[in-house]
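What follows is the residue order along each chain.
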Amino acid sequence: MPTKTLIGPFTQLLPMSGLPVRGALKDAAITVIDQGGILISEGQILKVATFKNLLPEADEVQRIDQEVVGIPGLVDAHTHICFGGSRARDYALRNSGKTYLEIAKSGGGIWDTVLKTREATEAALVQGVVARSNKHLKLGVTTLEVKSGYGISVEEELKMLRAIKTAHAQTAADLIPTCLAAHIPPKDQPNSPGQYLQELSEKLLPQVKAEKLANRIDAFVEESAFSPKEIEPYFKTASAMGFDITVHADQFSTGGSAIAVKYNAISADHLEASATKEIELLAKSATIATALPGASLGLGCEFAPARKLLDAGAALAIASDHNPGSAPMGNLLAQASILGAFEKLSNAEVLAGITFRAAAALNLKDRGTLAKGKKADIVAFPTGNYQEITYHQGQLQPCAVWKNGIKVL
Ligand SMILES: [Zn+2]
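Residues numbered from 1 in each chain as written. Predicted model: local features only at pLDDT ≥ 70, side-chain atom pairs only at ≥ 80, totals over all residues. Heavy atoms only, no water.

Description of the overall build of the protein chain
Right, so step 1: Helices and strands together make up the secondary structure of the protein chain, namely 16 helices and 16 strands.
Right, so step 2: By the compact-globule yardstick of 22 Å for 409 residues, the protein chain fits well, its C-alpha radius of gyration being 21 Å.
Right, so step 3: Dimensions of the protein chain along its principal axes, counting C-alpha atoms only, are 70 × 45 × 40 Å.
Right, so step 4: For the protein chain, the proportion of its 409 residues judged to be buried stands at 60%.
Right, so step 5: Split by element, the accessible area of the protein chain, about 15,900 Å² in all, is 53% carbon and sulfur. (Helix = DSSP H or I, 4+ residues; strand = E, 2+ residues; numbered from the N terminus. Rg over C-alpha atoms; globule rule 2.2 N^0.38 Å. Buried < 20%, exposed > 50% of the residue type's maximum accessible area, 1.4 Å probe, protein only. Areas by Shrake-Rupley, 256 points an atom, 1.4 Å probe, with all protein chains shown as cover.)

The structure is reproduced here in structure tokens:
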């Protein structure tokens, strides 16, 4: 018989289970188990109840002897942590008043990261992803999505995806890879954006499948990247090949969310420019709306209309967008807490957005809540009151993290 391990007692334990994926959530809807315990076996949760009630069933006990609040391991559903170089220069130029176009013309912007990422060896990329993943893990993030998208050629995108796959084996965090070859059109080819996308469909996607490098594809639908019309054939091909689709949508101009809904995207991310029409469309769809407050903080612009999305009935995930250009901070809890203050989100909505609703944004059904059969991914914060977690805006850091039942912090 496999060993049953009891972890606890947690002063407060928030399983975040039994809550809807869509719509507004009041804090009163959260179940709080006082002096809670989690019974686990072989990396999975068997039972969640009071510590006292589970004690007779346990073969061994991992006793916690301080005040802690336990919640599900955090899920960051949107990152670009595989990259070379730094964009500190862009940040300084932007803050000195230079426009996006001026920065791009002076050698900055996404293309700068593309060149630096191409220069980097696969081994150097692996090292960067592992280091950044471990940093996120210490902050309670047990699952991270990681995009390619700084290669912008078949070979260089494959290099990035292989690096992400190798990095996954070298960190305790789960890395969920996404192929973002359709990030921007290549600047070094005479081909039109449409021809580049066709090349991706014919040469890259079959290879991604063959090497099992990713089950998800992403595209940046924006005036500076790909138009809705340009991206449609690519989404059709990817969808027919069985890829899950996610979209960088409505960041500066609208159009992306409509195409996301049309192609049954799992998530539409950014949405800073979404207005009533887009909010209603997302609310009626099965697509998860993912807000990226880190990009708003990095660029100094509007947040996504999170309150309006929730009130309309949409599902809201919150992710860090950790990337070298617009979101270098890479602190999911800090950013989600700040979004909560600006958008008037309840603790329930913020925590749902970085746990089970974020898992839904990655189409993952085995995590995001503390319930029977789920992965034993758990974060403990050194406090006796869950309200302290968002109150400290990321400064209250986890005192313990378990990934698949193994204590990694
Ligand atoms: Zn992004």
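That covers the picture; the talk isn't over yet.
Quick word on the coordination of the zinc ion
Right, so step 1: Protein coordination at the zinc ion comes from His 78 (NE2), His 80 (NE2), His 248 (NE2) and Asp 321 (OD), with a distance range of 2.0 to 2.5 Å.
Right, so step 2: In this structure, the zinc ion is surrounded by 4 donor atoms whose angles at the metal cover 82 to 169°, and the resulting shape is irregular.
Right, so step 3: Mapped onto the sequence, the residues coordinating the zinc ion show the spacing H-x1-H-x167-H-x72-D.
Right, so step 4: For His 78, a relative accessible area of 0% translates into the label buried. (Donors = N, O, S within 2.8 Å, 3.2 Å for Na, K, Ca; no water. Tetrahedral: all angles 85-135°; square planar, octahedral: opposite > 155°, others 65-115°.)

Some points on the pairing of strand β1 (residues 5-13)
Right, so step 1: Of all 9 residues in β1, 9 are buried; the element is thus mostly enclosed.
Right, so step 2: Here β1 runs beside strand β4 (residues 60-63); their pairing, made up of 4 bridges, is parallel. Note on β4: the bridge partner recorded for Leu 6 is Val 61. (Pairing = 2+ DSSP bridges.)

A look at the packing of helix α5 (residues 122-138) against helix α6 (residues 154-168)
Right, so step 1: Orientation of α5 relative to α6, taken along the N-to-C sense of each, is 50°, at an axis distance of 8 Å. Relative to α6, α5 is oriented oblique. As α5 packs across α6, the resulting crossing turns out to be right-handed. When α5 is examined against α6, the residues Glu 122, Leu 125, Val 126, Val 129 and Val 130 are found in contact with a partner set consisting of Lys 159, Met 160, Arg 162, Ala 163, Thr 166 and Ala 167.
Right, so step 2: When the residues that make up the contact of α5 with α6 are grouped by side-chain class, the tally is 7 nonpolar, 1 polar and 3 charged. (Axes fitted to C-alpha atoms, helices over the stretch in contact; angles between N-to-C directions. Parallel < 35°, antiparallel > 145°, perpendicular 65-115°, else oblique. Left-handed = near helix turned anticlockwise from the far one by under 90°. Contact = heavy atoms within 4.5 Å. Nonpolar A, V, L, I, M, F, W, Y, C, P; charged D, E, K, R; others polar.)

Focus: helix α13 (residues 332-343)
Right, so step 1: Between its first and last C-alpha atoms α13 spans 16 Å; for 12 residues at 1.5 Å apiece the expected length is 16 Å, and the two agree.
Right, so step 2: Counting buried positions along α13 yields 10 of 12 residues, so the element is predominantly enclosed.
Right, so step 3: Those residues of α13 not exposed but buried are Leu 332, Leu 333, Ala 334, Gln 335, Ala 336, Ser 337, Ile 338, Leu 339, Gly 340 and Glu 343.
Right, so step 4: The opening residue of α13, the one whose side-chain oxygen lies 3.4 Å from the backbone nitrogen of Leu 333, is Asn 331.
Right, so step 5: Immediately downstream of α13, the backbone of Lys 344 shows phi near 60°, a positive value. (Expected span 1.5 Å × (residues − 1). Polar contact = N/O pair within 3.5 Å; in protein donor to acceptor, adjacent residues only side chain to side chain.)

Considerations on the packing of aromatic side chains
Right, so step 1: Scanning the model with the defined rule gives 6 aromatic pairs in all.
Right, so step 2: The interplanar angle of 15° and the centroid separation of 6.5 Å between the aromatic rings of Tyr 196 and Phe 226 together place this pair among those described as stacked. Of the two residues, Tyr 196 sits in helix α7 (residues 193-210) while Phe 226 sits in the loop between β9 (216-220) and α8 (228-240), which places them 30 residues apart along the sequence.
Right, so step 3: Aromatic rings pair up to connect Tyr 234, Phe 235 and Tyr 263 into one cluster.
Right, so step 4: The positively charged end of Arg 132 is found above the aromatic ring belonging to Phe 83, 3.7 Å away from the centroid.
Right, so step 5: The ring of Phe 243 is capped by Lys 209, whose NZ or CZ atom sits 4.6 Å from the centre of that ring. (Phe/Tyr/Trp six-rings, centres within 6.5 Å; stacked < 30°, edge-to-face > 60°. Lys NZ or Arg CZ within 6 Å of the ring centre and 35° of its normal.)

Observations concerning the sheet that holds strand β8 (residues 174-182)
Right, so step 1: Strands sit in the order β6-β7-β8-β9-β10-β11-β12-β13 across an open sheet of 8 strands; the sheet is parallel. Either end of the sheet is taken by a strand with one partner, and the two such strands are β6 (74-76) and β13 (316-318). Taking the axes of each pair of neighbouring strands and ignoring which way they run, one obtains an average angle of 25° across the sheet.
Right, so step 2: Alignment of β8 against β9, held across 3 bridges, turns out to be parallel. Residue Thr 178 lies in a different strand from β9, and its bridge partner there is Arg 216.
Right, so step 3: Lying on the sheet, α5 is in contact with β6, β7 (141-147) and β8; it crosses β7 at an angle near 145°.
Right, so step 4: Together, β8, β9 and β10 (244-249) form the strand contacts of α8, whose direction differs from that of β9 by roughly 175°.

Thoughts on the side chain of Arg 216
Right, so step 1: Mapping Arg 216 onto the fold places it in strand β9.
Right, so step 2: With a relative accessible area of 3%, Arg 216 lands in the buried category.
Right, so step 3: If near-sequence neighbours (up to four positions away) are discounted, Arg 216 is found in contact with Glu 145, Ile 176, Pro 177, Thr 178, Cys 179, Phe 243, Asp 244, Thr 246, Ala 361 and Leu 362.

Points about the nonpolar core
For soluble globular proteins, nonpolar side chains are generally found buried alongside one another.
Right, so step 1: Membership of the largest hydrophobic core comes to 98 residues, with the highest contact counts inside it found for Ile 71, Ile 217, Ile 231, Tyr 234 and Phe 235.
Right, so step 2: The leading source of residues in this core is α6, at 7 residues.
Right, so step 3: If near-sequence neighbours (up to four positions away) are discounted, Ile 71 is found in contact with Leu 14, Leu 351, Leu 370, Asp 377, Ile 378, Val 379, Phe 381 and Ile 389.
Right, so step 4: Core analysis: the second largest hydrophobic core is formed by 15 residues, Ile 40, Ile 45, Val 68 and Ala 380 among them. (Core = buried A, V, L, I, M, F, W, Y, C linked by side-chain atoms within 4.5 Å.)

Description of unusual backbone geometry
Right, so step 1: Residue Gly 8 is joined to Pro 9 through a cis peptide bond whose omega torsion reads -5°.
Right, so step 2: In this structure, Ile 152 is a non-glycine residue whose phi angle is positive, near 55°.
Right, so step 3: Within the fold, Ile 152 resides in the loop between β7 and α6.
Right, so step 4: On the basis of relative accessible area, Ile 152 is assigned to the buried category, the value being 0%.
Right, so step 5: Here the phi dihedral of Asn 264 falls at roughly 50°; this positive angle occurs in a residue that is not glycine.
Right, so step 6: Residue position: Asn 264 is located in the loop between α9 (256-262) and β11 (267-270).

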